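# Breakdown of the fold
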Amino acid sequence: MAHMLGPLYFDLGAAILEAAAHNVAAWPAPHAGAAYELPFLGTALAVELPPRDAGQLLETSGFPLARFDPGEHILASVTCDGLLRSFRDALDDLWPCWELMLLAEPLVVLADTPARCSEAIVGLVDIIFPITYCGDYRPYFTIQDPDFRAVVSKTHVPPNTVVGVSNPFFSEALSHWPNKLFLGSSGRMAQMHGASGSAASSGGGDAATAAGSRPAGAAAVIKQGLQTKHRCTVAKDRPFAEQLLTALRTGRQPPWVVNNMLRRYFNDLTVQFLAPLNRYFSTLIPQVLSSTAIPTHARARPRQSPWSTAAPGGVLQTELSWFVPPPNLRPWRTDDFMASLASFGISPQLTSRHSTPVAADVFASVFSSSSG
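The following refers to the structure shown. Here the structure is a predicted model, which is why all the values come from computation and not from measurement.

### Details of the overall build of the protein
- When you go through the protein residue by residue, the secondary structure sums to 12 helices and 10 strands.
- Per-residue burial for the protein yields a buried fraction of 40% across its 372 residues.
- Within the protein, counting contacts between residues at least 6 apart in sequence, those at least 24 apart form 61% of the total.
- When the accessible area of the protein is evaluated, it comes to approximately 20200 Å², of which 58% is carbon and sulfur surface.

Quick look at the structure:
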């Protein structure tokens, strides 16, 4: 909208702002999952809003996939190629970044432009769907922000915080943060690395786990990527990464299709991550048998409550009344959860660097710490 409105403003003046405001005021009230044709400055914007309980992907939208055009079709919660554009030269870092976002680790994205750091952070928040990131994330953070002093404090790194910056000043000011992601042109990265390098040389030796060591006397390592002190558990999916590189190399698929592939992959990976939790939580739901249960063949089937349970074998239909409060969940027991992990294991995609028992212990420690 800004791209459409900006040039017209310089040609027509303030009158076009009034016309745009009049168009927007006439739009209908938004509803989750709905699609709209919204009039705006003589054109119709085809917009689809995200559902309440699902992400927006090309294949699940109402737009024709074969004729999808980001200039005409708008998925309201998605930048058509934002994740790919931000990480095109640092695709390998998406896996550790995904893990850092899941663990709510502090992360600063240092990019060459405000647009790039903003898109990168919005993309990182999106790739852990269906988990909602509940920490503090600032797509673009500046020295004018009211929380500036708290964020750059040398005595405390704010937990559960993700910030995006483009000012090289922050490379030194946030050099003590354990996780830093550099994205952008080589010239700008030289400024960023140069500032952080001078600080890191007087600090810890683990500051550049991913970026490697800096040669003596070099002004900077002109390299994008993640610097982290976190020991990552999930390794890169090499076949999928090669598939992405092939798609980018051949150019047979447009960037928004490759971006969609990325988003779908990591959303699926998050679902696999949640599977052990879902499996264990299902055992915490009590199966309460109704005292008035009678054989299903002897009565009409009543309306089913969301807490319905069936007796083994399906002989009796037992259920809870809508007029009775649902039962309380059984308490979380870390030992039982770890036993469940040991019995059922986790997705092979989450154990590529470790044997299954070791990986299970890593994830169990994450879950048990969060439950305490």
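Moving on, there is more to tell.
### With respect to the sheet that holds strand 7 (residues 179–183)
- The five strands are arranged 5-6-4-7-8 in an open sheet whose pairing can be described as mixed. The sheet terminates laterally at strand 5 (136–138) and strand 8 (225–228), the two strands that pair on one side only. When strand polarity is set aside, the average angle formed by the axes of neighbouring strands in this sheet is 15°.
- Sitting on the sheet, helix 5 (residues 114–126) touches strand 4 (107–111), strand 5, strand 6 (161–165) and strand 7, and the angle it makes with strand 4 is about 145°.

### Overview of the pattern of salt bridges
- Tallied over the full model, the rule gives 10 salt bridges.
- Of the charged contacts, one joins E59 and R264 as a salt bridge, the two residues approaching to 2.7 Å between their closest N and O atoms. Remark: R264 occurs in helix 10 (residues 255–282) and E59 occurs in the loop between strand 2 (43–48) and strand 3 (73–75); sequence separation between them is 205 residues.
- Between R138 and D136 there is a salt bridge whose closest N-O contact spans 2.8 Å.
- Overlapping salt bridges, with partners in common, bring together D136, R138, D145 and D147 in one network.

### Focus on a nonpolar patch on the surface
- On the surface, a cluster of nonpolar side chains totalling about 350 Å² of accessible area is made up of Y9, F10 and L17.
- As for its placement among the helices and strands, L17 is situated in helix 2 (residues 14–25).

### Observations regarding the sheet that holds strand 3
- Pairing is mixed across the open sheet formed by three strands, whose spatial order is 1-2-3. One side of each edge strand has no neighbouring strand; the edge strands of this open sheet are strand 1 (35–40) and strand 3. Averaged over all pairs of adjacent strands, the angle between strand axes in this sheet comes to 30°, irrespective of strand direction.
- Examined bridge by bridge, strand 2 and strand 3 share three bridges and lie parallel to one another. What sits directly across from V47, in strand 3, is I74.

### Quick word on the pairing of strand 4
- Among the five residues in strand 4, five count as buried, and that is most of the element.
- By the bridge criterion, four bridges tie strand 4 to strand 6 in an arrangement that is parallel. Its bridge partner being in strand 6, V108 is matched across the sheet by V163.

### Some thoughts on the side chain of K180
- Tracing the backbone shows K180 in strand 7.
- No salt bridge forms around the buried K180; measuring N to O, its nearest opposite-charge neighbour E172 is 11 Å away.
- At a separation of 3.3 Å, a polar atom in the side chain of K180 contacts the main-chain carbonyl oxygen of S175.
- A polar side-chain atom of K180 sits 3.1 Å from the main-chain carbonyl oxygen of W177.
- Here K180 is in contact with L107, V108, L110, L174, S175, G225, L226 and Q227, once residues within four sequence places are set aside.

### Structural notes on the state of the cysteines
- The final tally for this structure, using the stated rule, is zero disulfides.
- C97 supplies the cysteine sulfur nearest to C232, a cysteine that is in no disulfide, at a spacing of 8.4 Å.
- Using a relative accessible area of 10% as the deciding quantity, one classes C232 as buried.

### Observations regarding the packing of aromatic side chains
- Taken as a whole and judged by the stated rule, the model has 19 aromatic pairs.
- An angle of 75° between the planes, with centres 6.5 Å apart, marks the rings of W95 and F240 as edge-to-face. Of this pair, W95 sits in helix 4 (residues 94–102) while F240 sits in helix 9 (residues 238–250), placing them 145 residues apart in sequence. Each member of the pair, W95 together with F240, is buried.
- For the ring pair Y265 and F266, a centre distance of 5.0 Å and an interplane angle of 90° mean the geometry is edge-to-face.

### Section: the nonpolar core
- Core analysis: the biggest nonpolar cluster contains 48 residues, and F87, L94, W98, L124, L262 and F266 have the highest contact counts within it.
- If one sorts the elements of this core by residue count, helix 10 sits on top with 10 residues.
- The residues touching L124, leaving out its near neighbours within four places in the chain, are F87, L94, C97, M101, L107 and V109.
- Core analysis: the second largest hydrophobic core is formed by 13 residues, V108, L110, F141 and A173 among them.

About the criteria used
Residues numbered from 1 in each chain as written. Predicted model: local features only at pLDDT ≥ 70, side-chain atom pairs only at ≥ 80, totals over all residues. Heavy atoms only, no water. Helix = DSSP H or I, 4+ residues; strand = E, 2+ residues; numbered from the N terminus. Buried < 20%, exposed > 50% of the residue type's maximum accessible area, 1.4 Å probe, protein only. Contact = heavy atoms within 4.5 Å. Areas by Shrake-Rupley, 256 points an atom, 1.4 Å probe, with all protein chains shown as cover. Pairing = 2+ DSSP bridges. Axes fitted to C-alpha atoms, helices over the stretch in contact; angles between N-to-C directions. Salt bridge = Lys/Arg side-chain N within 4 Å of Asp/Glu carboxyl O. Patch = residues over 30% accessible without salt bridge, like charges linked within 9 Å, V, L, I, M, F, W, Y side chains within 5 Å. Lys, Arg positive; Asp, Glu negative; His and termini not counted. Polar contact = N/O pair within 3.5 Å; in protein donor to acceptor, adjacent residues only side chain to side chain. Disulfide = S-S within 2.5 Å. Phe/Tyr/Trp six-rings, centres within 6.5 Å; stacked < 30°, edge-to-face > 60°. Core = buried A, V, L, I, M, F, W, Y, C linked by side-chain atoms within 4.5 Å.

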